[in-house]
Amino acid sequence: MANKPGKPKSKRTPVRLRHKIEKASAAKQRKQRKLAKNNPEWRSRLKKDPGIPNLFPYKDRILHEIEEKKRLREEDFQRKREEARLTKAAASADRNVPIAEEEKEGEDALSDLPDDEDMNEDTPNSSANPMSALLASARARAAEYENEPEEDDDEMEDDDERQCGTDLAAVSSLPTSGPQTLESSRRAFDKVFKSVLSISDILLYVLDARDPNGTRSREIEREITAADAGSKRLILILNKIDLVPPPVLKAWLLYLRRYFPTLPLRANTSAPNARTFDHKALTVKGTSETLLRALKSYASSRQLKRSTTVGIVGYPNVGKSSVINALTSRLSRSSSTACPVGAEAGVTTALRQVKLDNKLKLLDSPGIVFPSSSSQGANGETHPHLSSKQINQANLTLLSALPPSAITDPISAITLLLHRLSRSEATMQPLLDQYSLPPSTLVSTGANGDVTTDFLTQVARKRGRLGKGGVPNLQSAAMGVLMDWRDGRIRGWVEAPEEIEAREGGAGSKEIVKEWAKEFKLEGLWGDDEAAVAENEAMQE
Ligand SMILES: Nc1nc2c(ncn2[C@@H]2O[C@H](COP(=O)(O)OP(=O)(O)OP(=O)(O)O)[C@@H](O)[C@H]2O)c(=O)[nH]1
């Protein structure tokens, strides 16, 4: 209908146009807000929490209380989660529903349960245990491997470097899990170790020079010497010697050579800024060449039709892959490495075979935490503020046998580390220097003697590991210190025992050392015991 003349036009805007205007206006405001944020003078309207003033006399105590509350909240949360998980597991067991099927539907999967048989076991903390998942996959693949038909030896020799078809994933035991879990994990460790033992003629047992007995299991040594009517040979490799001073190294060599032939090695270069020691004669070249020569002598003396296999075993992160790389680079003079190496534990996840020459094959294996040794406790060590369970876990953490994601209690590990390092001036001072801290830091002042909190608070401040409101993040500081420890930026070692243990059932002896040293043409590399003792005494004077 035509507008009547004289009647004013409607000012009503159509809905479409109105929306368009609203949208354009919102976009403009958004843009302005964004631009304003880029302006360095922009300040949030929310008032910033100024934190606790530095001069406030009870600041440390308040910070400690805050941390403690946070920790309790976290523990409470974990406990509730665990209870819910166990209730769910019990309910599914009642209904006779296989948990493995059910868990796929739920959010918090139970795939980390260690074994089918262990489904109904009490497995505290296993949901927080990433190693259990690795374990499950390791078991599955190990079973696959065991069912595989044996390959023709010649065919294997054709491959320069190949995986054995197994993925015996890096397995580890967290001592926080219950005894039954430990027992079931043990079976998996046995499987990995037994595969390596059955394939190998010689075993190189790699130990960390900073704590050789901590990374050593007498049970494993007994199994090796007893296997195949005593036909297997064992050489202990004391690796990472650059991280211990010469007298400590000598004392350990002297001690270990009472059990088995032992060679010192620096299989890899140290991490940046590591505090290393010079061993002059014992360079990468010196010792890896000696080892290679010894292995070759043994292989050629055996006159076997097949090649000799050398299995490399040891804790995670002791440098097993680095030992292989040191040996292969000696041979091929190539810069490319045969086995991947990493600062974190659990880099090697499969048995990996590397051919050295027609007579020698090397077998790299995933790191194995031998449960017997971890359940023994850290050499019977005690601490006034740590339970034996915490000491076990802390010990494993300090052996760098756990990947960072599996470290659940870094603060207890630092407590144990400080306890160990503060025993000697030779290790305490470098620690203080590392973080530019005053000597009073490691002296207990509070009623509860909480040296760890004081130390970590200062490290957090120095390293800028602060949370909201400038509160020092002790967990983060502790993880930082643990990484420094792992990479050798903090000096520390365990002294060799003066007496050797009472010998049990043929697990290494003076005779074995002499006989095997002859087979490997290692005799003369170190004197007989009396000479070595005399040398040790002279050195200590
Ligand atoms: N300072 C020093 N570091 C070393 C030495 N040998 C190895 N490393 C370091 O130790 C770390 C672990 O080395 P790897 O060879 O991956 O150890 P692995 O035993 O094969 O470890 P997994 O695969 O976890 O079982 C790496 O960061 C290496 O650089 C050594 O002689 N001295």
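Here's what I pulled together on the structure shown here. (Residues numbered from 1 in each chain as written. Predicted model: local features only at pLDDT ≥ 70, side-chain atom pairs only at ≥ 80, totals over all residues. Heavy atoms only, no water.)

### Quick look at the pairing of strand E7 (residues 360–364)
Using the following cut-off: Partly exposed residues are those whose accessible area sits between 20% and 50% of the maximum for their type, while under 20% is buried and over 50% is exposed, using a 1.4 Å probe and protein chains only. Secondary structure elements follow DSSP: runs of H or I of four or more residues count as helices, runs of E of two or more count as strands, with numbering from the N terminus. Any two strands with at least two DSSP-identified bridges between them are counted as paired.
Among the five residues in E7, five count as buried, and that is most of the element. Bridge count for strand E5 (residues 308–314) against E7 is five bridges, and the pairing is parallel. When the bridges of E7 are listed, Gly311 appears paired with Leu363. In the sheet, strand E6 (residues 352–357) pairs with E7 via five bridges, with the strands oriented antiparallel. Bridging from a neighbouring strand, Gln353 pairs with Leu363 of E7. Counted between consecutive antiparallel strands, the loop separating E6 from E7 contains two residues.

### Concerning the side chain of Thr308
Let me state the cut-off plainly: Contacts are assigned to residue pairs that have any heavy atoms within 4.5 Å of one another.
Examined against the element boundaries, Thr308 turns out to sit in strand E5. Judged by its relative accessible area of 1%, Thr308 falls in the buried class. Not counting chain neighbours up to four residues away, the residues in contact with Thr308 comprise Asp201, Ile202, Tyr298, Ala299, Lys359, Leu360 and Lys361.

### Remarks on the packing of aromatic side chains
What counts, and what does not: We call Phe, Tyr and Trp rings a pair once their centres come within 6.5 Å, taking the six-membered ring for Trp, and we label the pair stacked below 30 degrees between planes, edge-to-face above 60, and tilted otherwise. As a reminder, the over-ring test applies to NZ of lysine and CZ of arginine, requiring each to be within 6 Å of the ring centre and within 35 degrees of the ring normal.
Tallying each qualifying case throughout the model produces seven aromatic pairs. Residues Trp252 and Tyr255 carry aromatic rings whose centres are separated by 5.5 Å and whose planes lie at 90 degrees to one another, so their mutual orientation is edge-to-face. Of this pair, Trp252 and Tyr255 both sit in helix H8 (residues 246–256), separated by three residues, roughly a single helical turn. In this pair, the class of Trp252 matches that of Tyr255, namely buried. Members of the aromatic cluster, joined through ring pairs, are Trp252, Tyr255 and Tyr259. The ring of Trp485 carries Arg210 above its face, with NZ or CZ at 5.1 Å from the centroid. Note that Arg216 overlies the ring of Tyr259, its terminal NZ or CZ placed 4.4 Å from the centroid.

### Some details on helix H16 (residues 474–486)
Keep this limit in mind: Here, expected helix span is obtained from the residue count minus one, scaled by 1.5 Å. Polar contacts, as counted here, are pairs of nitrogen or oxygen atoms within 3.5 Å of one another; within protein the pair requires one atom able to donate a hydrogen and one able to accept it, and residues that are adjacent in sequence qualify only if both atoms are side-chain atoms.
Its 13 residues give H16 an end-to-end C-alpha distance of 18 Å, which sits within 8% of 18 Å, the value for a rise of 1.5 Å per residue. You can read the cap of H16 off the contacts: a side-chain oxygen lies 3.3 Å from the backbone nitrogen of Gln475, and it is on Asn473. At the exit of H16 stands Gly488, carrying a positive phi of roughly 80 degrees.

### Looking at the pattern of salt bridges
For clarity, the cut-off: The working definition used for a salt bridge is a side-chain nitrogen of Lys or Arg within 4 Å of a carboxyl oxygen of Asp or Glu.
Throughout the structure, instances matching the rule amount to 17 salt bridges. One salt bridge connects Glu68 with Arg71, and the closest N-O pair in it is separated by 2.5 Å. Taken together, the residues Glu68 and Arg71, both in helix H2 (residues 59–94) and three residues apart, mark about one turn of the helix. On the accessibility criterion, Glu68 (29% relative accessible area) is partly exposed. On the basis of relative accessible area, Arg71 is assigned to the partly exposed category, the value being 35%. Across the pair Glu75 and Arg71 runs a salt bridge whose closest N-O atoms are separated by 2.5 Å. Of this pair, Glu75 and Arg71 are both found in helix H2, four residues apart, which corresponds to roughly one turn of the helix. The partly exposed category is assigned to Glu75, whose relative accessible area is 43%. Through salt bridges with shared partners, a single network forms among Arg463, Asp484, Arg486, Asp487 and Arg489.

### Notes on the pairing of E5
The element E5 is largely enclosed, with a buried count of seven among its seven residues. Of the two faces of E5, the one lined by Thr308, Val310, Ile312 and Gly314 and the one lined by Thr309, Gly311 and Val313 are each fully buried. Pairing of strand E2 (residues 202–208) with E5 involves five bridges; the strand directions are parallel. From the neighbouring strand, Leu203 faces E5, where its bridge partner is Gly311.

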